[in-house]
Amino acid sequence: EAGVAQSPRYKIIEKRQSVAFWCNPISGHATLYWYQQILGQGPKLLIQFQNNGVVDDSQLPKDRFSAERLKGVDSTLKIQPAKLEDSAVYLCASSPNSGNTGELFFGEGSRLTVL
Amino acid sequence: GENVEQHPSTLSVQEGDSAVIKCTYSDSASNYFPWYKQELGKGPQLIIDIRSNVGEKKDQRIAVTLNKTAKHFSLHITETQPEDSAVYFCAASWQAGTALIFGKGTTLSVSS
């Protein structure tokens, strides 16, 4: 079974530029999460989707971050304009709906460097 | 909201020794406590989890204990091996399937 796919793996941009990350969850997984992981810290939830609806976006900086999950499958996370403090790894995770064991399956992440 | 504190931030052991990582949580409504292992350049991977109706769970060399009264839980790794070297994260949520709140992580180094 294929895992969670993310792209790009690495991105370097100047501050005030924009960037977009893409995530394709494990087939059949209804729940999708975006986490931000700053170097030396644990992952911090940005947004949680259930199918194509938002469950929790309370920690998403909505003035610069946006995310969508059209058709309840893959998702994109956009940052515009980027700030230096947005340098981090952006992790996408998915989990199944039925018979949920609680396990989140993470992708390898997209590392963003803002200069 | 929930807050998870994790200690120590780094841990160095000799191969074959045991390693213990401890976490405390703030929200008494939390009842799902997983542990994730993250290797360099990879996403976190679940290694063991425990629910609030269980005090201890074991899977081969790893075990997790939960003290709901004190609101803390611990990861125990016995007979450590070099391949156990990684960053370990504890997490908590109010139920399995909801978003996890992670601790800051513990970098475990196992030297042979």
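As a reminder, the structure under discussion sits directly above these lines.
Residue numbers here run from 1 along each chain, matching the order of that chain's written sequence. Here chains are named by letter from A upward and ligands by number from 1 upward, in the order in which they appear as written. Only residues with pLDDT of 70 or above have their local features reported here, since the model is predicted, and side-chain atom pairs are shown and tallied only from 80 upward, although totals for entire chains, interfaces and linings are computed over all residues. Side-chain descriptors were evaluated using all non-hydrogen atoms of the structure, hydrogens and water having been removed beforehand.

Looking at the interface of chain B and chain A
Next up, step 1: Note on contacts: a residue pair qualifies if any of its non-hydrogen atoms lie within 4.5 Å across the two residues. Chain B puts 19 residues into the contact, and the matching count from chain A is 19 residues.
Next up, step 2: The quantity reported as buried area is the accessible area (1.4 Å probe) lost by two parts once they are put together, taken as the sum for both. On the chain B side of the interface with chain A, the three residues burying the most area are B:Gly97, B:Ala99 and B:Phe102, jointly 28% of the side's total.
Next up, step 3: Each salt bridge in this description consists of a side-chain nitrogen of Lys or Arg and a carboxyl oxygen of Asp or Glu lying within 4 Å of one another. There are zero salt bridges connecting chain B and chain A.
Next up, step 4: Pairs of N or O atoms within 3.5 Å make up the polar contacts considered here, provided that, within protein, one atom can donate a hydrogen while the other can accept it, and that residues adjacent in sequence are counted only when both atoms are side-chain atoms. Here chain B and chain A share four residue pairs in polar contact (both at pLDDT 80 or more) between them.
Next up, step 5: Think of it as three bins: nonpolar holds Ala, Val, Leu, Ile, Met, Phe, Trp, Tyr, Cys and Pro, charged holds Asp, Glu, Lys and Arg, and polar takes everything else, Gly as well. Here the residues of the side of chain B that touches chain A are counted per class, giving nine nonpolar, six polar and four charged.

Section: the side chain of A:Gln6
Residue and element names in this part refer to chain A.
Next up, step 1: Comment: elements are numbered from the N terminus, with helices defined as DSSP H or I runs of at least four residues and strands as E runs of at least two. For Gln 6, the position within the fold is in strand β1 (residues 5–7).
Next up, step 2: A polar contact of 3.0 Å, which involves the side chain of Gln 6, links it to the backbone nitrogen of Cys 92.
Next up, step 3: For Gln 6, the side chain forms a polar contact with the main-chain nitrogen of Gly 109, separated by 3.0 Å.
Next up, step 4: Ignoring any residue separated from it by four or fewer positions in sequence, one finds Gln 6 in contact with Trp 22, Cys 23, Trp 34, Tyr 90, Leu 91, Cys 92, Gly 107, Glu 108, Gly 109 and Ser 110.

Quick look at the pattern of salt bridges
Next up, step 1: Inspection of every chain in the model, using the stated rule, returns seven salt bridges over all chains.
Next up, step 2: Linking A:Asp86 and A:Arg64 is a salt bridge whose minimum nitrogen-to-oxygen distance equals 2.4 Å. A residue pair is termed long-range when its members are at least 10 positions apart, and A:Asp86 in the loop between β8 (75–79) and β9 (88–95) and A:Arg64 in the loop between β6 (53–56) and β7 (65–68) qualify at 22 residues.
Next up, step 3: The closest approach of N and O atoms between B:Arg51 and B:Asp49, which form a salt bridge, is 3.9 Å.
Next up, step 4: To sort residues, take the accessible area from a 1.4 Å probe on protein chains only and compare it with the maximum for the residue type: under 20% means buried, over 50% means exposed, and anything in between is partly exposed. The partly exposed category is assigned to B:Arg51, whose relative accessible area is 30%.
Next up, step 5: Residues joined in a network through salt bridges with shared partners are B:Asp49, B:Arg51 and B:Lys57.

Section: the sheet that holds β8(A)
Residue and element names in this part refer to chain A.
Next up, step 1: In short, DSSP must find at least two bridges between two strands for them to pair. Reading across from one edge, β1-β3-β8-β7 is the order of the four strands in this open sheet, with antiparallel pairing throughout. Two strands lie at the open edges of the sheet, namely β1 and β7, each paired on one side alone. Mean inter-strand twist for the sheet, computed between neighbouring axes without regard to direction, equals 15°.
Next up, step 2: Sheet topology note: the β7/β8 ladder contains four bridges and is antiparallel. Opposite Ala 67, over in β8, you have Leu 77 as the bridge partner. With axes taken as lines fitted to C-alpha atoms, and helix axes fitted only over the stretch in contact, angles between N-to-C directions fall between 0 and 180 degrees.

Topic: the pairing of strand β1 (residues 4–7) of chain B
Residues and elements named next belong to chain B.
Next up, step 1: Side chains Val 4 and Gln 6 of β1 all project onto a buried face; the interleaved residues Glu 5 and His 7 project onto a face where none is buried.
Next up, step 2: Bridge count between β1 and strand β3 (residues 19–25): four bridges; the pairing is antiparallel. Paired with Val 4 across the two strands is Tyr 25, which belongs to β3.

Observations regarding the state of the cysteines
Residue and element names in this part refer to chain A.
Next up, step 1: Note on terminology: disulfide denotes any pair of cysteine sulfur atoms within 2.5 Å. Counted by the stated rule, this structure contains two disulfides over all chains.
Next up, step 2: Through a disulfide, Cys 23 is tied to Cys 92; the S-S separation comes to 1.9 Å. Across the S-S bond of Cys 23 and Cys 92 the torsion is about -65°, and the bridge reads as left-handed. Separated by 69 residues along the polypeptide, Cys 23 in strand β3 (residues 19–24) and Cys 92 in strand β9 bring together distant segments of the chain. You'll find Cys 23 and Cys 92 in the same group, each marked buried.

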